[in-house]
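Results of the structural survey
The primary structure of each chain is shown beneath.
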Amino acid sequence: MGTSSSRHGDLASNEYLEKFAKKEHMSPNEPFWNRFLSFSFTPPATSLEHHALDERIDATCQQLLANNLHSGNFGSLLHVFFSRASELLASAQTDNNMFSWQAYNALFILRCVTKFFVENLKEEDLVRQFEARPLQQADGKHREDENVNRLEVFLDSLIEIVVDVPVKDFTYPLHLEAVNCLLVLLSVQMFSQRPASKSCIYRSLMQGRYSIHAPLLVKTLLQHFISQDKAPPGLYRSTGGGSIVIGLASELWNILTFGMSRGATSQVPSDGVTVAKPSEVSDFPLANQALLLVLVLVNHCTVDKTLHNPYRQALFSCSNSLDPCSEATPTRAAATFKLDLSRLYATLCHIPSSDETTLLLYLLVHRNRHVKTYIMARSDIEMLVVPILKTLYHAPDSNSHHIYMSLIILLILSEDDLFNKTVHETILKGVTWYTERSISEISLGGLLVLVVIRTIQYNMLKMRDKYLHTNCLAALANMSSQFRSLHPYVSQRLVSLFEALAKKHSRLADQIQQQDSGAPPVTVVHVEDTEQPSDVVRQLAYKYSYMFAEEFHLAVTNLTGNVSVHIYC
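Residues numbered from 1 in each chain as written. Predicted model: local features only at pLDDT ≥ 70, side-chain atom pairs only at ≥ 80, totals over all residues. Heavy atoms only, no water.

An unreviewed UniProt entry annotates the chain as Dymeclin originating from Cryptotermes secundus. In its Sequence similarities (unreviewed entry) section, UniProt records this for the chain: "Belongs to the dymeclin family." (UniProt positions renumbered as here; feature names shortened; annotations may be inferred.)

In structure tokens form, the structure reads like this:
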């Protein structure tokens, strides 16, 4: 650090970092900070560089941790950052990038140190490090800072940067650092046994003045996601491996999905576009991190009824800015905003499918009536549905969380009669990614039925998830009343599946009869050691009886007469 260009290898012996970590107090007004923050530093681009950086600054962070309660130097750096951020916000409409440069450098150091604190301290001790003042203060200087909650001021500054500073080439890194600092602070949940609603950081963001500004923050983050702005050239040196700005967010994502995304690998659809995963360097890091921050804010503090989540409410109540008749859903504290849903729809349709985008789409379709209504009214619904079908078709390349969320979205859409009618009127040509049979022309509804049937078969062989089974059949039942002009191959697959499931039901019924008559049981299902086979068989038999008789039979009997159905049970 200092007035020259710094490399990762220089950090362990850097005189400015050594002075920063010592017991000697450095006042925020000292010239030291101008020299300390006047450096050029390329952030790590790969996971190896990230780990190398952590290793090289570990000793410095350990020393700072031991001395900060005495020196208060971390607080001094916070104070310097607050000053630089204020200057930056005051000149936000100009192209003076000096303030942005030093604010970015300060924020980069703060994030690295905060990450170390989060990983090694309890939350209470983390807060103590933020609030530590020097034990000896000459002539009472800076005592006006004693009553200031630095952690809350830090949160204020980060949110103000995200919301108020325009995104330009020279402010892009600062925006990225601000978003990632928020993710680092929110990652305290990864290292605590307490629910997020008991965390002082989460509670601070959910209450008071933060709740008032929650709609604006969610709107800004969604606009970053929609814009998909590319990182300026030179932000990272390389494009391989995982990035420092992605790694911690990836861990937060694993917590959000209960660890179900850990085994996922990147997908390569037939159009050659690689599906971005959280662990990979992206050309659009700000868009990706903004989306992750939205999901983290929205999906925590949802159970405690005494703690209202304003970010969740804001996302669920936003409306279309281009619709003059659209009014945001009334909510407490007017937690609402308007967004260009046409741009949001286009982004969801055209960016590669991932767990994060699928979860955002699910939340919007399931809980936001304005977004659901807008999607249902689109004449190009295939732009949204086909990528979802691709995800289900390539199920072995996705994790179970992604598969399940994709299916639930289809199930929600299939509850609408207009959607069920539209998909059978929409004709697709050249569906090359469906390789089980060459189909030159098929309706979107027919393709949807084929993929859902294939998902049922995959579930029977691999996942064996009864809820996935039920939702697949429910989607078919929802669409059955609007089946029109099904492709012969679709009808064949539909009836073949019905026959296979009916035979399975018949075998289970026979086993029940054998057990009731005292005959030796024949094992046809896998059961847990703690369960009695007879109880499991009865449960499965009843499940199949009602499921097949009421849902699947409804789907088949609504066919337009182009097949003959003969089922023998």
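In this section: the overall build of the chain. The helix and strand tally for the chain stands at 23 helices and four strands. When the 569 residues of the chain are sorted by exposure, 53% land in the buried category. Intrachain contacts of the chain at a sequence separation of at least 6 include 74% that bridge at least 24 residues. Put simply, the chain shows about 25400 Å² of open surface, and 50% of that area lies on carbon and sulfur atoms. (Helix = DSSP H or I, 4+ residues; strand = E, 2+ residues; numbered from the N terminus. Buried < 20%, exposed > 50% of the residue type's maximum accessible area, 1.4 Å probe, protein only. Contact = heavy atoms within 4.5 Å. Areas by Shrake-Rupley, 256 points an atom, 1.4 Å probe, with all protein chains shown as cover.)

Looking now at the packing of helix α6 (residues 123–131) against helix α7 (residues 150–164). Interhelical geometry of α6 versus α7 gives an angle of 85° and a closest axis separation of 8 Å. By the angle between their axes, α6 is roughly perpendicular relative to α7. Here α6 contributes Val 127, Phe 130 and Glu 131 to the contact with α7, which in turn contributes Arg 150, Leu 151 and Phe 154. Grouping the amino acids of the contact of α6 with α7 by side-chain chemistry returns four nonpolar, no polar and two charged. (Axes fitted to C-alpha atoms, helices over the stretch in contact; angles between N-to-C directions. Parallel < 35°, antiparallel > 145°, perpendicular 65-115°, else oblique. Nonpolar A, V, L, I, M, F, W, Y, C, P; charged D, E, K, R; others polar.)

With that settled, the discussion passes to the nonpolar core. In this structure, Phe 81, Phe 154 and Tyr 311 are the most contacted members of the largest nonpolar core, which totals 156 residues. If you tally residues by element for this core, the top one is helix α5 (residues 98–120), at 12 residues. Among all residues touching Phe 154, those that are not within four sequence positions of it are Leu 78, Phe 81, Phe 82, Leu 107, Leu 110, Phe 130, Cys 181 and Leu 185. (Core = buried A, V, L, I, M, F, W, Y, C linked by side-chain atoms within 4.5 Å.)

Turning next to α5. Its 23 residues give α5 an end-to-end C-alpha distance of 34 Å, which sits within 8% of 33 Å, the value for a rise of 1.5 Å per residue. Summarising burial for α5: 18 of the 23 residues are buried, a large majority. (Expected span 1.5 Å × (residues − 1).)

Attention now moves to the packing of aromatic side chains. To describe a pair of aromatic rings, you give the distance between the ring centres and the angle between the ring planes. As enumerated under the stated definition, the model contains 16 aromatic pairs in all. Aromatic pair Phe 20 and Trp 33: ring centres 6.0 Å apart, planes at 80°, arrangement edge-to-face. Here Phe 20, found in helix α1 (residues 15–21), pairs with Trp 33, found in helix α2 (residues 32–36); they are 13 residues apart in sequence, far enough to count as distant. Each member of the pair Phe 20 and Trp 33 is classed as buried. Grouping aromatic residues by their ring pairs yields a cluster made of Phe 74, Phe 81, Phe 82, Phe 116, Phe 117, Phe 130 and Phe 154. A cation sits over an aromatic face here: Arg 454 above Tyr 393, 4.0 Å from the ring centre. (Phe/Tyr/Trp six-rings, centres within 6.5 Å; stacked < 30°, edge-to-face > 60°. Lys NZ or Arg CZ within 6 Å of the ring centre and 35° of its normal.)

This part takes up the side chain of Ser 76. Tracing the sequence through the fold places Ser 76 in helix α4 (residues 73–90). Only 2.8 Å separates the side chain of Ser 76 from the backbone oxygen of Met 26, close enough to count as a polar contact. Each residue touching Ser 76, except ones within four places of it in the same chain, is listed here: His 25, Met 26, Pro 28 and Trp 33. (Polar contact = N/O pair within 3.5 Å; in protein donor to acceptor, adjacent residues only side chain to side chain.)

What the rule picks out here adds up to 13 salt bridges. Arg 111 is paired through a salt bridge with Glu 177; the nearest N and O atoms lie 2.6 Å apart. Separated by 66 residues along the polypeptide, Arg 111 in helix α5 and Glu 177 in helix α8 (residues 172–186) bring together distant segments of the chain. By the burial criterion, Arg 111 is buried, and Glu 177 matches it. Here Glu 152 makes a salt bridge to Arg 209, at a shortest N to O gap of 3.5 Å. Of this pair, Glu 152 sits in helix α7 while Arg 209 is found in helix α10 (residues 209–227), placing the two residues 57 residues apart along the sequence. Residue class for Arg 209 comes out partly exposed when judged on its relative accessible area of 37%. Three or more residues are tied together by salt bridges with common partners; here these are Asp 54, Lys 115 and Glu 119. (Salt bridge = Lys/Arg side-chain N within 4 Å of Asp/Glu carboxyl O.)

Note on placement: Phe 316 falls in helix α13 (residues 310–317). The class of Phe 316 is buried, set by a relative accessible area of 7%. In the structure, Phe 316 is positioned 48 residues away from Leu 364 in sequence and 6.6 Å away in space, judged by C-alpha atoms. Setting aside chain neighbours within four positions, we find Phe 316 in contact with Val 298, Leu 363, Arg 367 and Asn 368.

Once that is clear, we can look at unusual backbone geometry. What is expected of a backbone is that most residues other than glycine have negative phi and most peptide bonds are trans. We note that Cys 301 has phi near 60°; this positive angle belongs to a residue other than glycine. Checked against the element boundaries, Cys 301 lands in the loop between α12 (285–298) and α13. By relative accessible area, Cys 301 is classed as buried at 7%. One non-glycine residue with positive phi stands out, namely Ser 485, at about 50°. Counting through the fold element by element, Ser 485 comes out in the loop between α21 (466–480) and α22 (488–516). Residue class for Ser 485 comes out exposed when judged on its relative accessible area of 65%.

So, about the packing of helix α17 (residues 382–393) against helix α20 (residues 444–463). For any two helices packed against each other, one specifies the crossing angle of their axes together with the interaxial distance. Following both chains from N to C, one finds α17 and α20 inclined at 25°, their axes separated by 9 Å at the closest point. Classed by the angle they form, the pair α17 and α20 counts as roughly parallel. Here α17 runs over α20; the crossing is left-handed. Every residue of α20 that contacts α17 at Glu 382, Val 385, Val 386, Leu 389, Leu 392 and Tyr 393 is listed here: Leu 444, Leu 447, Leu 448, Val 451, Arg 454 and Thr 455. Split by residue class, the contact of α17 with α20 holds nine nonpolar, one polar and two charged. (Left-handed = near helix turned anticlockwise from the far one by under 90°.)

Let's shift gears to the side chain of Thr 455. Here Thr 455 is to be found in helix α20. Beyond its immediate chain neighbours, meaning those up to four positions away, Thr 455 contacts Leu 392, Leu 468 and Cys 472.

Its location among the elements puts Phe 74 in helix α4. Sequence separation of Phe 74 and Thr 114 is 40 residues, and the distance between their C-alpha atoms is 9.6 Å. If near-sequence neighbours (up to four positions away) are discounted, Phe 74 is found in contact with Phe 20, Asn 68, Leu 110, Val 113, Thr 114, Phe 117, Gln 129 and Phe 130.

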